[in-house]
Amino acid sequence: MRVLFVNEVCGTGSTGKITCELAENYEREGHQVKIAYGRSSFVPEKYQRFAVRIGSSYDVYTHALMTRLTDRHGFYSSHATRKFLRWADSYDPSLLWLHNIHGYYVNVELLFSWVKSRPSMKVLWTLHDCWTFTGHCAYFTMAGCEKWRTHCEKCPQKSSYPASLVDNSYTNYERKRKIFTGVHDLTIITPSEWLASLVKMSFLREYPVEVRNNTIDTGIFRPTKNNFREKYNLMGKFIVLGVASLWEGRKGLHDFVKLSSLLDPEKFAVVLVGKMTPEQQKSLPENIITIPRTESRKDLAGIYTAADVFFCSSYEENYPTVNLEAEACGTPVITYDSGGCPETVKRDDSCVVRTGDVEAVRNIIIQKTTDPETRSAACVSE
């Protein structure tokens with residue numbers, strides 16, 4: 001069987017790693033596998049045998065610029081998409097597994113026209129956010145917007161990803177509904193029950209929906225010997241850790257700043273791993289230690305292991321693998337009850353708190369300094 005995955009990245013970031021792990025599973029079963037991707041020219045060497053790039057960095061920049069000007073994300077990259085689809089015709093997959101198809105790299109109208117022209121091809125589509133069934137945004141929780149249930153218009157989040165100077169959400173919603181419905185043999189997969197429930201209320205409700213939780217490599221993410229505390233002079237301190245690929249607004253960086261002001265810097269250390277803008281970096285207090293994003297999962301496992309507690313401060317999230325990774329490394333998690341986050345915590349000493357309740361997070365952390373196994377009364381029902 002020839003299997004073709006489509007995702008914005010290959011081998012990097014959460015969706016890129018998930019896609020490559022799935023590809024390896026199919027390869028071990030004797031299938032031919034390729035991953036078509038569009039963002040970032042970097043692909044880890046061990047995954048390069050899978051990689052087929054859609055377009056170029058120039059195409060991505062152009063698509064992003066036109067999105068900014070017109071709010072028609074997903075409707076550019078026509079030349080790059082046509083070239084890719086000619087290759088895909090010759091590859092002739094019997095299984096197409098879509099992941100993130102947004103990210104300024106593929107024309108979704110052309111892509112789905114090709115999909116519908118191949119009724120014998122089985123199609124799986126893993127959704128990692130809500131972009132597919134909205135007129136603009138990838139998440140709408142923070143905005144408190146419910147327009148996606150009926151018809152998007154006058155988008156309150158046009159400045160958020162995929163950011164635009166104008167509002168074209170009404171037309172985008174119409175086009176997406178027409179494009180993404182009517183595929184002969186398509187099954188939608190969501191990592192969380194939370195996202196599955198939203199899909200069933202959207203215009204994608206015609207498709208069967210399966211929940212398949214994201215998984216991690218527990219051969220890598222496990223208690224790992226490290227010198228992290230010695231390296232950063234944190235011996236004897238209680239470490240509160242946060243990890244994100246990119247510390248965008250919905251990841252709750254501001255809550256880490258607030259939390260750091262509520263903890264004694266002589267006893268506690270706040271450590272953040274992930275990419276930040278120079279402006280974000282400058283705005284952080286001195287008692288927050290920042291570490292650039294690392295692609296070394298072994299190094300990340302060591303950091304998780306060194307921490308006393310992991311705090312997932314996301315206000316909008318699907319099924320964060322960072323929570324799974326932290327727990328697998330022996331570190332309890334405090335997570336907000338946003339999106340699918342409550343579904344990810346399994347340890348008895350992990351805790352779910354109301355989104356934005358930094359005081360509750362602080363209280364749990366203080367309790368853990370005296371009783372590491374505590375599951376505070378501040379925890380809410382999952």
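Note that this is a predicted model, so its numbers are computed, not measured.

About the thresholds
- Residues numbered from 1 in each chain as written.
- Predicted model: local features only at pLDDT ≥ 70, side-chain atom pairs only at ≥ 80, totals over all residues.
- Heavy atoms only, no water.
- Helix = DSSP H or I, 4+ residues; strand = E, 2+ residues; numbered from the N terminus.
- Rg over C-alpha atoms; globule rule 2.2 N^0.38 Å.
- Contact = heavy atoms within 4.5 Å.
- Areas by Shrake-Rupley, 256 points an atom, 1.4 Å probe, with all protein chains shown as cover.
- Lys, Arg positive; Asp, Glu negative; His and termini not counted.
- Charge placed at Lys NZ, Arg CZ, Asp CG, Glu CD.
- Pairing = 2+ DSSP bridges.
- Axes fitted to C-alpha atoms, helices over the stretch in contact; angles between N-to-C directions.
- Right-handed = clockwise from strand over helix to strand, strands pointing away.
- Patch = residues over 30% accessible without salt bridge, like charges linked within 9 Å, V, L, I, M, F, W, Y side chains within 5 Å.
- Salt bridge = Lys/Arg side-chain N within 4 Å of Asp/Glu carboxyl O.
- Buried < 20%, exposed > 50% of the residue type's maximum accessible area, 1.4 Å probe, protein only.
- Polar contact = N/O pair within 3.5 Å; in protein donor to acceptor, adjacent residues only side chain to side chain.

A. Layout of the overall build of the chain. Of regular secondary structure, the chain possesses 12 helices and 13 strands. A compact globule built from 382 residues would reach a C-alpha radius of gyration of about 21 Å, and the chain, at 21 Å, matches this within 12%. Overall, the C-alpha framework of the chain stretches about 65 × 50 × 35 Å when taken along its three principal axes. If you take every contact in the chain between residues at least 6 apart in sequence, the share linking residues at least 24 apart comes to 65%. Roughly 16,700 Å² of accessible area belongs to the chain as shown, and the carbon and sulfur atoms make up 50% of that amount. Looking at charge distribution, the chain has the averaged site of its 47 positive side-chain charges lying 5 Å from that of its 44 negative ones.

B. Spatial organisation of the sheet that holds strand 7 (residues 209–211). The sheet built from 7 strands is open, its strands ordered 3-2-1-4-5-6-7 with parallel pairing. Looking along the sheet, the strands with just one partner apiece sit at the ends: strand 3 (51–53) and strand 7. Adjacent strand axes in the sheet meet at a mean angle of 25° when their direction is disregarded. With 3 bridges joining them, strand 2 (residues 32–37) and strand 3 adopt parallel strand pairing. Of the residues in strand 3, the one forming a bridge with Tyr37 is Arg53. Running at roughly 165° to strand 2, helix 1 (residues 13–28) makes contact with strand 1 (2–6), strand 2 and strand 4 (95–98) of the sheet. Along the sheet face, helix 4 (residues 108–116) touches strand 4, strand 5 (122–126) and strand 6 (186–190) and points at about 150° away from the line of strand 4.

C. Representation of the pairing of strand 10 (residues 288–291) in the model. Two elements, strand 9 (residues 268–275) and strand 10, share 4 bridges in a ladder whose sense is parallel. Residue Val270 lies in a different strand from strand 10, and its bridge partner there is Ile288. In this fold, strand 9 hands off to helix 9 (residues 278–283), which returns the chain to strand 10; that crossover is right-handed.

D. Layout of a nonpolar patch on the surface. On the surface, Leu65, Leu69, Leu165 and Val166 cluster together to form a nonpolar patch covering roughly 350 Å² of accessible area. As for its placement among the helices and strands, Val166 is situated in the loop between strand 5 and helix 5 (169–180). By relative accessible area, Val166 is classed as partly exposed at 35%.

E. Structural detail: the environment of Asn287. Tracing the backbone shows Asn287 in the loop between helix 9 and strand 10. Spatially, the C-alpha atoms of Asn287 and Leu263 are 9.8 Å apart, while their sequence positions differ by 24 residues. Leave out the neighbours within four places in its chain, and Asn287 touches Ser260, Pro265 and Val270. Here the side chain of Asn287 touches Ser260 through a polar contact of 3.3 Å, landing on its backbone oxygen.

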